[in-house]
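Each chain, letter by letter, is given below.
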Amino acid sequence: MSNDRNVDFVLRTIEKRDIRFVRLWFTDVLGNLKSFSISPAELEESFEEGIGFDGSAVAGFVPLEESDMLAFPDAETFQILPWRPSSSGVARIFCKICTPDGQLFPGDPRSCLGRVLADAEAKGFVPNVGPKLEYFYFGDDQEPTPVDHAGYFDLTPYDSARDIRRSTTLMLEKMSIPVQYSYHSNAPSQNGIDLRYCEALSCADNIMTARLVIKQEANAQGLFASFMPKPLAGCSGSGMFLCESLFDHNGDNLFWGTEDYHLSTLAHHYIAGILRYAPEFTLVTNPTVNSYKRLLPNGEVPVYTTWGRKNRSALVRIPAHKPGKHLSARIELRNPDPTANPYLALAVTIAAGLKGIADELPLPVEYTGRDVTDAHMVSMGRTHLPRTLGEAIEVFEQSELMRATLGDHICDYLLAEKRLEWNDYCTTITDWEKSHYYAGF
């Protein structure tokens, strides 16, 4: 399943660099990174025949009676883990998950994104994505207590994370993941990292790798890194902003245009598709109860299906065009958060944009105001994003596009799991309820 030249390179590198363990990486439907190790002696055969494992042990895969699954390593994703010893080293490879007869498993998120990208490629499009991840550093994994009170872009002694950000950046670059920016973000102990744009499947792999490296570097410094969207009340939450564009097979950016904010007509249709289907894909891009405590009308995050150039409360923001740099023409999708499975988040957002192109959806008028009342937005033809996980479940369930994009297996599992999560949350008695109602009635 991998290019012979890539396979030969991997096998030679393993022998030359004294790699003793190869970790096979993949994710479950919810986006949790999974891994098991094999010896280098098993790797060559696994490229052709796969490596068997118990799929029933992975949430959302298969029941116990259908447990046999195959993992096929993707040689293009081979990387030596730089935080492991240089002698008797360790490498990782992302995998495609298949059924025992060699067919792609419909519950594999990476293969799901691959299907969307194959459809885009057949139409002459190569989706590229640059992700921006926000997260918090806390003192431990029990209580979200800030370790600094620095602010956005602050360069002060109060920014306790500057050394961790540096070590994280260096570790990612050793794994061939270029970092454009790292910085202290708006809230206490909140940080951000922007990864360089690349082809969408590689982008999702990079997000999974970055989340692991961020947590490992924090742990090495005695801290805990959290991607919880809203761990602190009264402070900004964490997003996973996705800067998306479409290129052709010659490497030209199809989003660039000479007029209309330097965006092409094709880009207009793509944005219109994102706006049209955003309420339907919100369950995927914002998959937790806590996600919706970030999506509040505070001027910093989107709550309606709007777009704009300078308005950071817009769902789709158009970053400023750099004169003479047409490759930079892109859109920034601002509602996703870092708890999302990046493979599924990219699959549904790209599918929505492609649907907008296929249907030639018109781009609504840019929203530049600050009146975000429901009555005003309805009069403007804007739709409110789901306000809770419960609302997101209901809208997602009715979506034909989401089922066509993700398939029955992933859709049914997400609906079942997220209903359990929502019901559990709704029946939990919180400290807020006790403080407000226990002694008063």
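Let me sum up the structure you'll find in this document.

## Some points on the overall build of the protein chain
Along its length, the protein chain carries eleven helices and 15 strands. Over its C-alpha trace the protein chain gives a radius of gyration of 22 Å, about what one expects of a compact globule, namely 22 Å for 441 residues. When each of the 441 residues of the protein chain is scored for burial, the buried share is 53%. In the protein chain, the proportion of contacts linking residues at least 24 apart, taken out of those at least 6 apart, comes to 69%. Put simply, the protein chain shows about 20,300 Å² of open surface, and 51% of that area lies on carbon and sulfur atoms.

## Looking at helix α4 (residues 162-174)
Spanning 13 residues, α4 covers 19 Å between terminal C-alpha atoms, matching the ideal 18 Å at 1.5 Å per step. All of the buried residues in α4 are Ile164, Arg165, Ser167, Thr168, Thr169, Met171 and Leu172. Among the residues trailing α4, Ser176 stands out with phi positive, at a value near 65 degrees.

## Re helix α5 (residues 200-220)
Relative to the 30 Å expected for 21 residues at 1.5 Å per residue, α5 spans 30 Å between its end C-alpha atoms, a close match to the ideal helical length. The element α5 is largely enclosed, with a buried count of 15 among its 21 residues. Where α5 starts, the residue carrying a side-chain oxygen 3.2 Å from the main-chain nitrogen of Leu201 turns out to be Glu199. Positive backbone phi, at 80 degrees, marks Gly222, one or two positions downstream of α5.

## Describing unusual backbone geometry
Backbone geometry places Ser88, a non-glycine residue, at a positive phi of 50 degrees. One can find Ser88 in the loop between β5 (79-80) and β6 (89-98). On the basis of relative accessible area, Ser88 is assigned to the partly exposed category, the value being 33%. Despite not being glycine, Ser176 has its phi angle at roughly 65 degrees, a positive value. Considering the arrangement of structural elements, one finds Ser176 in the loop between α4 and β8 (179-184).

## Some details on the pattern of salt bridges
A side chain of one charge can pair with a side chain of the opposite charge if their charged atoms are brought near each other. What the rule picks out here adds up to 14 salt bridges. The salt bridge involving Asp119 is made with Lys123; its shortest N-O contact spans 3.2 Å. Residue class for Lys123 comes out partly exposed when judged on its relative accessible area of 43%. When the shortest N-O distance is used, the salt bridge between Glu280 and Arg276 registers 3.1 Å. Of this pair, Glu280 and Arg276 both sit in helix α6 (residues 265-285), four residues apart, which is roughly one turn of the helix. Three or more residues are tied together by salt bridges with common partners; here these are Lys132, Arg317, Glu332 and Arg334.

## What about the state of the cysteines?
Simply put, the disulfide is a covalent bond whose two ends are the sulfur atoms of two cysteines. Summed over the entire model, instances satisfying the criterion amount to zero disulfides. Cys203 supplies the cysteine sulfur nearest to Cys198, a cysteine that is in no disulfide, at a spacing of 5.1 Å. Using a relative accessible area of 18% as the deciding quantity, one classes Cys198 as buried.

## Brief notes about the pairing of strand β4 (residues 68-73)
Most of β4 sits out of view: five of its six residues are buried. The pairing of strand β3 (residues 51-54) with β4 spans four bridges and is antiparallel. Counted as the bridge partner of Phe53 is Met69 from β4. Strand direction decides the pairing type here: β4 and β6, joined by four bridges, are antiparallel. Bridge pairing in β6 links Leu70 to Cys98.

## Focus on the side chain of Ser185
Topologically, Ser185 is positioned in the loop between β8 and β9 (190-195). Taking the relative accessible area as the measure of exposure, Ser185 reaches 1% and is therefore buried. Within the structure, Ser185 has its side chain in polar contact with the side chain of Glu134 (distance 3.1 Å).

## Notes on the packing of helix α3 (residues 109-122) against α5
For any two helices packed against each other, the geometry comes down to the angle between their axes and how far apart the axes lie. Look at α3 against α5: their axes get within 10 Å of each other, and the N-to-C directions meet at 155 degrees. Considering their axes alone, α3 and α5 lie roughly antiparallel with respect to each other. Every pair of crossing elements has a handedness; the one defined by α3 and α5 is right-handed. Counted together, Arg110, Leu113 and Leu117 of α3 and Ala200, Leu201, Ala204 and Asp205 of α5 form the full contact between these two elements.

## Digging into a negative patch on the surface
On the surface, a cluster of negative charge is made up of Asp4, Asp8, Glu42, Glu44, Glu45, Glu48 and Glu49. Contributions of two or more residues to the negative patch are made by α1 (4-16) and α2 (40-49). Its location among the elements puts Glu49 in helix α2.

Quick notes on the rules
- Residues numbered from 1 in each chain as written.
- Predicted model: local features only at pLDDT ≥ 70, side-chain atom pairs only at ≥ 80, totals over all residues.
- Heavy atoms only, no water.
- Helix = DSSP H or I, 4+ residues; strand = E, 2+ residues; numbered from the N terminus.
- Rg over C-alpha atoms; globule rule 2.2 N^0.38 Å.
- Buried < 20%, exposed > 50% of the residue type's maximum accessible area, 1.4 Å probe, protein only.
- Contact = heavy atoms within 4.5 Å.
- Areas by Shrake-Rupley, 256 points an atom, 1.4 Å probe, with all protein chains shown as cover.
- Expected span 1.5 Å × (residues − 1).
- Polar contact = N/O pair within 3.5 Å; in protein donor to acceptor, adjacent residues only side chain to side chain.
- Salt bridge = Lys/Arg side-chain N within 4 Å of Asp/Glu carboxyl O.
- Disulfide = S-S within 2.5 Å.
- Pairing = 2+ DSSP bridges.
- Axes fitted to C-alpha atoms, helices over the stretch in contact; angles between N-to-C directions.
- Parallel < 35°, antiparallel > 145°, perpendicular 65-115°, else oblique.
- Left-handed = near helix turned anticlockwise from the far one by under 90°.
- Patch = residues over 30% accessible without salt bridge, like charges linked within 9 Å, V, L, I, M, F, W, Y side chains within 5 Å.
- Lys, Arg positive; Asp, Glu negative; His and termini not counted.
- Charge placed at Lys NZ, Arg CZ, Asp CG, Glu CD.

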